[in-house]
Amino acid sequence: MLKTIILLTDTVQQQQPLANLLREHNRDLVFCSALRASDLSAIDPDVLSEARLVSFAADVAMHEKFLLRLGYGAYKFYATPTQYPGLPSAPDESEDDPHCFSVIAQSMTIWPDFKKVVGLETVTIPDGTAPAERERLVFSRLAHLFWGMSHMIAGEATDLPGIIGSGGSQRPTLAMMN
């Protein structure tokens, strides 16, 4: 049974609104807050088998053993310019500023073949938009994606359904490594 959501965010201010939204769908959830890898390693290992990690706009590397111990998977929500697929953020500001971004919810696994996109939206930035406004528009769309998926994130499913990704139906486990 899903008991705990581990919220990994870029700022502490993002924690409470995300937890409140998820709590609307599952009042019994307990939340652990994390801002960096050291916060994750401080979580009691007994909690992980009944937990799901949700990384929201955070760029923190996960240790493979941590991911394998999570009973309800790990998902990251992030934005990337469509001009630079695979990069976590836009390159240095230039006259080639990105005008279209994808906001993505993706499963986190140590095996690339098992990763899947579970949510996807795009946002087009109007010409002449200031960098701060561009960032606000992209972040708003990322928050909208999280809001739209909040019922699934707070739900009991071990794996969220993919819209793009692996055809594998079994989530990798620690036993698969041996």
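For every chain, the first residue of the written sequence is number 1, and numbering continues from 1 along that sequence. Under the rules for a predicted model, residues below a pLDDT of 70 receive no local features and side-chain atom pairs below 80 are neither given nor counted, while totals for whole chains, interfaces and linings still include all residues. No hydrogens and no water enter the side-chain calculation; it runs on all heavy atoms of the structure.

Trainee: Hey, could you run me through the packing of aromatic side chains in this one?
Mentor: We describe a pair of aromatic rings using the distance from one ring centre to the other and the angle between the two ring planes. Ring pairs are drawn from Phe, Tyr and Trp, using the six-membered ring of Trp, whenever the two centres fall within 6.5 Å, and their geometry is named by plane angle: stacked under 30 degrees, edge-to-face over 60, tilted for the rest. In this structure the tally under the stated criterion is 4 aromatic pairs. For the ring pair Phe-56 and Phe-77, a centre distance of 6.4 Å and an interplane angle of 40 degrees mean the geometry is tilted. Of this pair, Phe-56 sits in strand 3 (residues 51-56) while Phe-77 sits in strand 4 (residues 74-81), placing them 21 residues apart in sequence. The residues Phe-56 and Phe-77 share a single accessibility class, namely buried. Helix and strand definitions here come from DSSP, where helices need a minimum of 4 consecutive H or I residues and strands a minimum of 2 consecutive E residues; each element is numbered from the N-terminal end. Burial classes follow relative accessibility: with a 1.4 Å probe on protein chains only, a residue under 20% of its type's maximum area counts as buried, one over 50% as exposed, and anything between as partly exposed.

Trainee: What should I look at first to understand the environment of Ala-34 in this one?
Mentor: Its location among the elements puts Ala-34 in strand 2 (residues 30-34). Measuring from C-alpha to C-alpha, the distance between Ala-34 and Val-12 comes to 8.3 Å, with 22 residues separating the pair along the chain. Sequence-distant contacts of Ala-34, that is, excluding residues within four places in its chain, are made with Leu-7, Leu-8, Thr-9, Gln-15, Asp-39 and Leu-40. Note on definitions: a residue-residue contact is assigned when non-hydrogen atoms from the two residues lie within 4.5 Å.

Trainee: Whenever I open this one, the packing of helix 1 (residues 15-25) against helix 5 (residues 131-153) confuses me. Can you help?
Mentor: Running from amino to carboxyl end, helix 1 crosses helix 5 at an angle of 50 degrees, the nearest separation of the two axes being 8 Å. The angle between helix 1 and helix 5 places the two elements in the oblique class. Between helix 1 and helix 5 lies a crossing whose hand is right-handed. Two secondary-structure elements touch here, helix 1 through Leu-18, Leu-21, Leu-22 and His-25 and helix 5 through Phe-146, Trp-147, Ser-150, His-151 and Ile-153. Tallied by class, the residues present in the contact of helix 1 with helix 5 amount to 6 nonpolar, 3 polar and no charged. Note on method: axes are straight lines fitted to C-alpha atoms, helices fitted across the in-contact stretch only, with angles between N-to-C directions ranging 0 to 180 degrees. The labels follow the angle: roughly parallel below 35 degrees, roughly antiparallel above 145, roughly perpendicular from 65 to 115, and oblique for the rest. Crossings are sorted by hand: turned counterclockwise from the far helix by less than a right angle, the near helix makes the crossing left-handed, and turned clockwise it makes it right-handed. Note on residue classes: Ala, Val, Leu, Ile, Met, Phe, Trp, Tyr, Cys and Pro are nonpolar, Asp, Glu, Lys and Arg are charged, and everything else, Gly too, is polar.

Trainee: How do you make sense of the pairing of strand 5 (residues 100-107) when you look at a structure like this?
Mentor: Each regular strand displays side chains that alternate between the two surfaces of the sheet. The buried fraction of strand 5 is high, at 7 of 8 residues. The rule for pairing is simple: two strands pair if DSSP sees at least two bridges between them. With 7 bridges joining them, strand 4 and strand 5 adopt antiparallel strand pairing. Of the residues in strand 5, the one forming a bridge with Tyr-78 is Ile-104. Examined bridge by bridge, strand 5 and strand 6 (residues 116-124) share 7 bridges and lie antiparallel to one another. By the bridge assignment, Phe-101 is partnered in strand 6 with Val-123.

Trainee: Explanation requested: the pattern of salt bridges in the structure shown.
Mentor: Opposite charge on two side chains makes pairing possible when the charged atoms of those side chains draw close. Whenever a carboxyl oxygen of Asp or Glu lies within 4 Å of a side-chain nitrogen of Lys or Arg, that contact is scored as a salt bridge. By the definition in use, this model includes 3 salt bridges. Between Lys-3 and Glu-50 there is a salt bridge, and its shortest N-O distance comes to 3.3 Å. Residue Lys-3 is found in the segment before strand 1 (4-9), and its partner Glu-50 is found in the loop between helix 3 (45-48) and strand 3; the two are separated by 47 residues along the sequence. You can call Glu-50 partly exposed: its relative accessible area is 27%.

Trainee: Is there a simple way to think about helix 5 in this case?
Mentor: Residues spaced three or four apart along an α-helix face the same direction, because each turn holds 3.6 residues. Helix length check: helix 5 (23 residues) gives 31 Å between terminal C-alpha atoms against 33 Å at 1.5 Å per residue, within 8%. Bend, in this description, refers to the angle at a residue between axes fitted to the seven residues ending there and the seven starting there. Along helix 5, the largest kink reaches about 35 degrees and is centred on Trp-147. Looking at helix 5, one finds that the buried residues are Arg-134, Val-138, Leu-142, Leu-145, Phe-146, Met-149, Ser-150 and Ile-153. Looking at the packing, one finds that the buried side of helix 5 touches strand 1, helix 1, strand 3, strand 4, strand 5 and strand 6. Any helix carries an expected span of 1.5 Å times its number of residues minus one.

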